[in-house]
Amino acid sequence: MRSMSQLGNDLYTGKTSFPFIGRRRLWFLIAAILVIGSALVPLFRPISFSIEFTGGSQFTVNNVADPDQQLATEAVQSVVPEATTKVVTIGDDAVRVQTDQMTDAESREVSAALAEAYGVPESEVSYSFIGPSWGADVTRTSLWGLAIFLALTFLILALYFRTVKMSIAAIIGLVDVLVITIGVYALFGFEISPAAVIGFLTILSYALYDTTVVFDKIRENTSEDGEVSGRTFGESVNLAVNQTLVRSINTTVVAILPTGAILFIGMVWQGAQTLTDLSLSIFVGTIVAAYSTIFVAAPLYSLLRENEAPIKARDERVLAARELAGTPV
């Protein structure tokens, strides 16, 4: 059995090759199913937004002996029966309760009810509220941040690689990452918070980094395709993806291991919501980003370029020369 280093060497020299470009119709079909499925998931399982986006009241009960979530729900509904509650256990001795926005009088009554339910002094219960206007500001700022990121990405890639088609392929790959990641959030009921949005922008940056490395190798290979080269454009792109495959896998594994550890600590051990939201979005997005670069962005770039007249003519000459030489096409 070959070692990873031997496999990497064989992929780099072309001795071993996976058909990323040759089977791109299959990859595009899978990508389309994932994107469409991710887009449809919120119709059946609505996306859960945190209180920072929706607005509402939040109560935190500290130093509880028994963090039973049902106690919190019953305490809130004993004061405001129609209230919608979301209860989260923080560590071993704290509970956080989020509800619809309440008046000051209702908040004081709920605070007293929670203190009584958990058998703690009222001083151990803190509460705050976030208005809908602040939530709207957070949403607007998040969307602007995403739009500016994508616009700058398109411009910088176009200038660096000197071709708009690489920018188009990269942006479609980034959108693919974003849609699928949000679809995963909706499917499993994960909550989207400002920390999660920061994580989304972080994984888009990671996806951009991974795509740029692969595209740089593609540019290097295709720039060598003079008349003496025996490769078609698609074969040069496929070689570049194979040459960077082990690096992409290693980078992804190195990224998700510490992120997974942080996610475990934040979710299971400490109950730190911000840490959990940030690490979860990065963990999911990193895996999706690696897939998107290899199976979406690179094959799409090849598709966009192959019908250009000079490239198409050169590919035809390469294939004709192989046929004359008796080499399998």
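A quick note: this is a predicted structure, and the numbers were derived from the prediction, not measured. (Residues numbered from 1 in each chain as written. Predicted model: local features only at pLDDT ≥ 70, side-chain atom pairs only at ≥ 80, totals over all residues. Heavy atoms only, no water.)

Remarks on the overall build of the chain
Here's step 1: On a plain count of helices and strands, the chain comes out with 12 helices and six strands.
Here's step 2: Each of the 329 residues in the chain was classed as buried or not, and the buried ones make up 44%.
Here's step 3: Long-range contacts, defined as pairs at least 24 residues apart, comprise 75% of the intrachain contacts of the chain with a sequence gap of at least 6.
Here's step 4: A total of about 16,900 Å² of accessible surface is found on the chain, and carbon and sulfur atoms cover 65% of it. (Helix = DSSP H or I, 4+ residues; strand = E, 2+ residues; numbered from the N terminus. Buried < 20%, exposed > 50% of the residue type's maximum accessible area, 1.4 Å probe, protein only. Contact = heavy atoms within 4.5 Å. Areas by Shrake-Rupley, 256 points an atom, 1.4 Å probe, with all protein chains shown as cover.)

Focus on helix α2 (residues 24-44)
Here's step 1: For α2, spanning 21 residues, the distance from its first C-alpha to its last is 30 Å, which sits close to the expected 30 Å at 1.5 Å a residue.
Here's step 2: Taken residue by residue, α2 has Arg-24, Trp-27, Ala-31, Ser-38 and Val-41 as its buried positions. (Expected span 1.5 Å × (residues − 1).)

Looking at the environment of Val-97
Here's step 1: By the element assignment, Val-97 lies in strand β4 (residues 94-99).
Here's step 2: Distance in space between the C-alpha atoms of Val-97 and Val-76 is 8.8 Å, their sequence separation being 21 residues.
Here's step 3: Apart from residues lying up to four places away in sequence, Val-97 is in contact with Ser-57, Gln-58, Phe-59, Ala-72, Val-76, Lys-86, Val-87 and Leu-114.

Overview of the packing of α2 against helix α7 (residues 164-188)
Here's step 1: One can describe the packing of α2 onto α7 by two numbers: an axis separation of 8 Å at closest approach and a directional angle of 45°. Between α2 and α7, the angle falls in the class oblique. Crossing hand, α2 versus α7: left-handed. Contacts between α2 and α7 pair Ala-31, Leu-34, Val-35, Ser-38, Ala-39, Val-41 and Pro-42 from the former with Asp-176, Val-179, Ile-180, Gly-183, Ala-186 and Leu-187 from the latter.
Here's step 2: Looking at the contact of α2 with α7, its residues break down into 10 nonpolar, two polar and one charged. (Axes fitted to C-alpha atoms, helices over the stretch in contact; angles between N-to-C directions. Parallel < 35°, antiparallel > 145°, perpendicular 65-115°, else oblique. Left-handed = near helix turned anticlockwise from the far one by under 90°. Nonpolar A, V, L, I, M, F, W, Y, C, P; charged D, E, K, R; others polar.)

Quick word on the nonpolar core
Here's step 1: Ranked by size, the top nonpolar core spans 49 residues in total, and within it Leu-174, Val-177, Leu-204, Phe-215, Ile-218 and Tyr-301 carry the most contacts.
Here's step 2: Residue assignment for this core shows that the elements contributing at least two residues are α2, α6 (132-161), α7, α8 (194-223), α9 (233-243), α10 (245-269) and α11 (273-306).
Here's step 3: Looking at which element gives the most residues to this core, the answer is α11, with 12 residues.
Here's step 4: One finds Ala-83, Ala-113, Tyr-118 and Val-125 within the second-largest nonpolar core, a separate group that totals 19 residues. (Core = buried A, V, L, I, M, F, W, Y, C linked by side-chain atoms within 4.5 Å.)

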